[in-house]
Amino acid sequence: MIALGADHGGVLIKDAIKKYLDSEKIAYKDFGTFDEESIDYAPIAAQVAHSIINGEAERGILCCGTGIGMSIAANKVKGIRASVCTNAFCAEMTRRHNNSNILCLGGRVIDEKQAVELAKIYIETEFEGGRHQRRIDEIAAIERGEL
Ligand code: RB5
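These figures come from a predicted structure and were not determined experimentally.

Calculation rules
Residues numbered from 1 in each chain as written. Predicted model: local features only at pLDDT ≥ 70, side-chain atom pairs only at ≥ 80, totals over all residues. Heavy atoms only, no water. Near = heavy atom within 4 Å. Polar contact = N/O pair within 3.5 Å; in protein donor to acceptor, adjacent residues only side chain to side chain. Areas by Shrake-Rupley, 256 points an atom, 1.4 Å probe, with all protein chains shown as cover. Buried < 20%, exposed > 50% of the residue type's maximum accessible area, 1.4 Å probe, protein only. Helix = DSSP H or I, 4+ residues; strand = E, 2+ residues; numbered from the N terminus. Contact = heavy atoms within 4.5 Å. Pairing = 2+ DSSP bridges. Salt bridge = Lys/Arg side-chain N within 4 Å of Asp/Glu carboxyl O.

Peer 1: It is not clear to me how the site of the ligand should be interpreted in this structure. Could you clarify?
Peer 2: Lining the immediate surroundings of the ligand are Asp7, His8, Tyr41, Cys64, Gly65, Thr66, Gly69 and Arg108. Between the ligand and Asp7 there is a distance of 2.6 Å, counted from an oxygen atom to a side-chain nitrogen or oxygen. One of the side-chain nitrogen or oxygen atoms of Arg108 is found 3.2 Å away from an oxygen atom of the ligand. In the complex, 70% of the free accessible area of the ligand, which totals 290 Å², lies under the protein chains.

Peer 1: Can you walk me through helix H4 (residues 88-96) in this structure?
Peer 2: In an α-helix, one turn spans 3.6 residues, which is why side chains three or four residues apart end up on the same side. Taken residue by residue, H4 has Ala91, Met93, Thr94 and Arg95 as its buried positions. Tucked inside the fold, the buried residues of H4 contact strand E3 (59-64), strand E4 (82-84) and helix H5 (112-124). Its side-chain oxygen at 3.2 Å from the backbone nitrogen of Phe89, Asn87 defines the N-terminal cap of H4.

Peer 1: Quick question: what am I supposed to make of the pairing of E3 here?
Peer 2: The side chains of a regular strand alternate, residue by residue, between the two faces of the sheet. With respect to burial, E3 is a largely interior element, six of its six residues being buried. In E3, alternate side chains face the same way, and those of Arg59, Ile61 and Cys63 on one face and Gly60, Leu62 and Cys64 on the other are all buried. Two elements, strand E1 (residues 2-6) and E3, share five bridges in a ladder whose sense is parallel. Bridge pairing in E3 links Ala3 to Gly60. Strand direction decides the pairing type here: E3 and strand E5 (residues 102-106), joined by five bridges, are parallel. By the bridge assignment, Cys63 is partnered in E5 with Leu105.

Peer 1: Would you mind showing me how to read the pattern of salt bridges here?
Peer 2: Counted according to the given criterion, the structure contains 10 salt bridges. For Asp30, the salt bridge goes to Lys14, with nearest N and O atoms at 2.8 Å. Here the residue Asp30 occupies a position in strand E2 (residues 28-30), and Lys14 occupies one in helix H1 (residues 11-23), the gap between them amounting to 16 residues. Each of the two residues, Asp30 as well as Lys14, counts as buried. For the salt bridge of Lys120 with Glu124, the shortest nitrogen-to-oxygen distance reads 2.9 Å. Taken together, the residues Lys120 and Glu124, both in helix H5 and four residues apart, mark about one turn of the helix. Classification of Lys120 as partly exposed rests on a relative accessible area of 35%. A cluster of three or more residues bridged by salt bridges with shared partners is formed by Lys14, Asp15, Lys18 and Asp30.

Encoded structure:
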C-alpha cells in the first residue's frame, strides 16, 4: 500500500498520482489534503511517515510546493528515508541505492505528467542491497547516536 499526502502546493500532483494508481489498481491511502486551501505540511508528513513505520504502508509519496518541506519533516521520523526528486534518474537511484521509503515531489517544480512518471519509476524500482545496505545501516547508526 502507498501512503499519499500533500499540502495545498502539492495537491494537484497528488491527485494526478492517485488517478495513475487507480488506473493500475495499486492500493493507496490518501492522508489529504483534498483541496487548494492553505494547510501546513508537517502534520501530513508525520501521518504518512508514521503509517510506514507502523507497517500500514510500504512506501509513501508526499507532495508540497517544492517537496522540500515534506522531506525535512518526514525525515525527522526514525526509519524514514524521504527523497526529494525532480527527475527520473533520481527517482530510480533513490530506490536502488538509498532504499528510499518516501518520494517527495514539488507541485511548483514539476507538472502532473512528470509527477506520475516519477511515481511510476519509484514504485517499480527495487533496492539493490549489497554495499548500499551497509550505507543505510550507517544512517540508522546516526539515528541511534552511534555515528
Ligand atoms: C507552501 O507555500 C510551501 O511553503 C510548501 O508547499 C512547501 O513548498 C514547503 O517546503
